[in-house]
Amino acid sequence: MQLNTHGKLALAEKALMRIIVTGGAGFIGSAVVRHLIENTECVVANLDKLTYAGNLESLADVKDSSRYSFYQVDICDSAALDAVFAEFKPSAVMHLAAESHVDRSIDGPAEFIQTNIVGTYNLLEATRRYWNALADDEKRGFRFHHISTDEVYGDLEGTDDLFTESTSYAPSSPYSASKASSDHLVRAWQRTYGLPVLLTNCSNNYGPYHFPEKLIPHVILNALAGKPLPVYGDGSQIRDWLYVEDHARALVEVVSKGAVGETYNIGGHNEKRNLEVVQTICELLDELVPQATKRSYKELITFVKDRPGHDLRYAIDASKIERELGWTPLETFDSGLRKTVHWYLDNKDWWQRVLSGDYRLGRLGGTL
Ligand code: NAD
């Protein structure tokens, strides 16, 4: 692969990329895989353990492409990683595999330490073994792109503050602490071994194929079932929401054009209080699927005890990726949320199989 004068991959070279996407059966990973297959000429290997969060049914649109393959592999398994690298011969790794749900990290942090820290370490070492053996020009063109979260920065107190790429790390939960650790490992592998890495830290994502345990799909599905809509504390926590397909597009821009060693913050300029998010979903459902009683879904909102260490506000300054790589989100929160609600109304089969557990049937090592 050739580098242009700025040390970036020339655009024409994108076509030649062979990318391992770890966590490609998850919410964001599957959006990245669909985007790569549908909008680029890249060859993609989806490497995923298929935990409860992995769902191959999210890849139905691309699974038959000759440019797509799937490996059921745990990133903690070094020998299996070596075998995939030797067989697939990637020119880039996009690392999304992780335990990702904050509430689960509070109930049981062990799996988060194992996958997010030990797993990332294993993947870095497998990548380094493979990368060391490449010819010089392939070595220079290789990329390891680590996908992380804005939660590593902790929370913001001032209403005007924003997370930038130089904000100090101050994680609050076992999830964000494990992601912060993995970010440090990735940067150290560049400083110490010269591995060509890129990092991105992104705000909260939402959109199609989102696992129903997360806020937005949870509220949509509970409302449709006439169940209570739980809101933590008084619902005043502020998150900066990004439509998942905008995130997938940003990630592909970064892996193909980003400067080695750089970090890019990715956000949607959509700061919303959790209560406002829930109320907007209710208003959309009132319009699209009004209840027979004509009562608003908002009557289902119930306030529940806040979770420990709950950060109050996250907000991203995404000006670097906009300035340097020309990426901007295409969806506003209103347009993205409307698309998302429509998607859940139109794809009952996908989420009903998740809720029933049927999406795990028939997979290797899968259990109900
Ligand atoms: P997800 O939980 O939906 O998917 C994670 C995927 O990783 C699943 O397919 C799972 O099977 C796989 N996986 C888990 N452990 C594994 C292991 N040991 N080996 C191989 N595969 C394994 O997560 P997501 O929401 O798609 O997030 C993807 C990445 O993006 C994560 O690294 C997360 O920290 C980061 N991120 C998420 C958000 C968000 O709002 N969801 C925001 C910013 C960053």
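Residues numbered from 1 in each chain as written. Predicted model: local features only at pLDDT ≥ 70, side-chain atom pairs only at ≥ 80, totals over all residues. Heavy atoms only, no water.

Details of the overall build of the chain
Phase 1: Each helix and strand in the chain was counted, giving 12 helices and 13 strands.
Phase 2: Computed over its C-alpha atoms, the radius of gyration of the chain comes to 20 Å, within 12% of the 21 Å expected for a compact globule of 368 residues.
Phase 3: Considering only C-alpha atoms, the chain reaches an extent of 70 × 50 × 40 Å along its principal axes.
Phase 4: A buried classification covers 54% of the 368 residues belonging to the chain.
Phase 5: Of all intrachain contacts in the chain linking residues separated by at least 6 positions in sequence, the fraction that spans at least 24 positions is 79%.
Phase 6: When the accessible surface of the chain is totalled, it reaches about 15300 Å², and 51% of it is carbon and sulfur.
Phase 7: For the chain, the distance from the average position of its 38 positive side-chain charges to the average position of its 50 negative side-chain charges is 2 Å. (Helix = DSSP H or I, 4+ residues; strand = E, 2+ residues; numbered from the N terminus. Rg over C-alpha atoms; globule rule 2.2 N^0.38 Å. Buried < 20%, exposed > 50% of the residue type's maximum accessible area, 1.4 Å probe, protein only. Contact = heavy atoms within 4.5 Å. Areas by Shrake-Rupley, 256 points an atom, 1.4 Å probe, with all protein chains shown as cover. Lys, Arg positive; Asp, Glu negative; His and termini not counted. Charge placed at Lys NZ, Arg CZ, Asp CG, Glu CD.)

Let's talk about the state of the cysteines
Phase 1: Across all of its chains, the model carries 0 disulfides by this definition.
Phase 2: Here Cys 202 is not cross-linked by a disulfide; its sulfur's nearest cysteine counterpart is in Cys 42, at 20 Å. (Disulfide = S-S within 2.5 Å.)

What about the pairing of strand 11 (residues 263-266)?
Phase 1: Burial along strand 11 is two-sided: the face carrying Thr 263 and Asn 265 and the face carrying Tyr 264 and Ile 266 are both buried.
Phase 2: Relative to strand 11, strand 6 (residues 197-202) is paired through 4 bridges, and the arrangement is parallel. The residue bridging Leu 199 from the neighbouring strand is Thr 263, located in strand 11. (Pairing = 2+ DSSP bridges.)

Details of helix 12 (residues 348-356)
Phase 1: For helix 12, every residue scored as buried is listed here: Trp 350, Trp 351 and Val 354. All buried residues of helix 12 fall inside an arc of 85 degrees around its axis, so they share one side.
Phase 2: Immediately beyond the C-terminal end of helix 12, within one or two residues, lies Gly 357, with a positive phi of roughly 90 degrees. (Arc of directions from axis to C-beta.)

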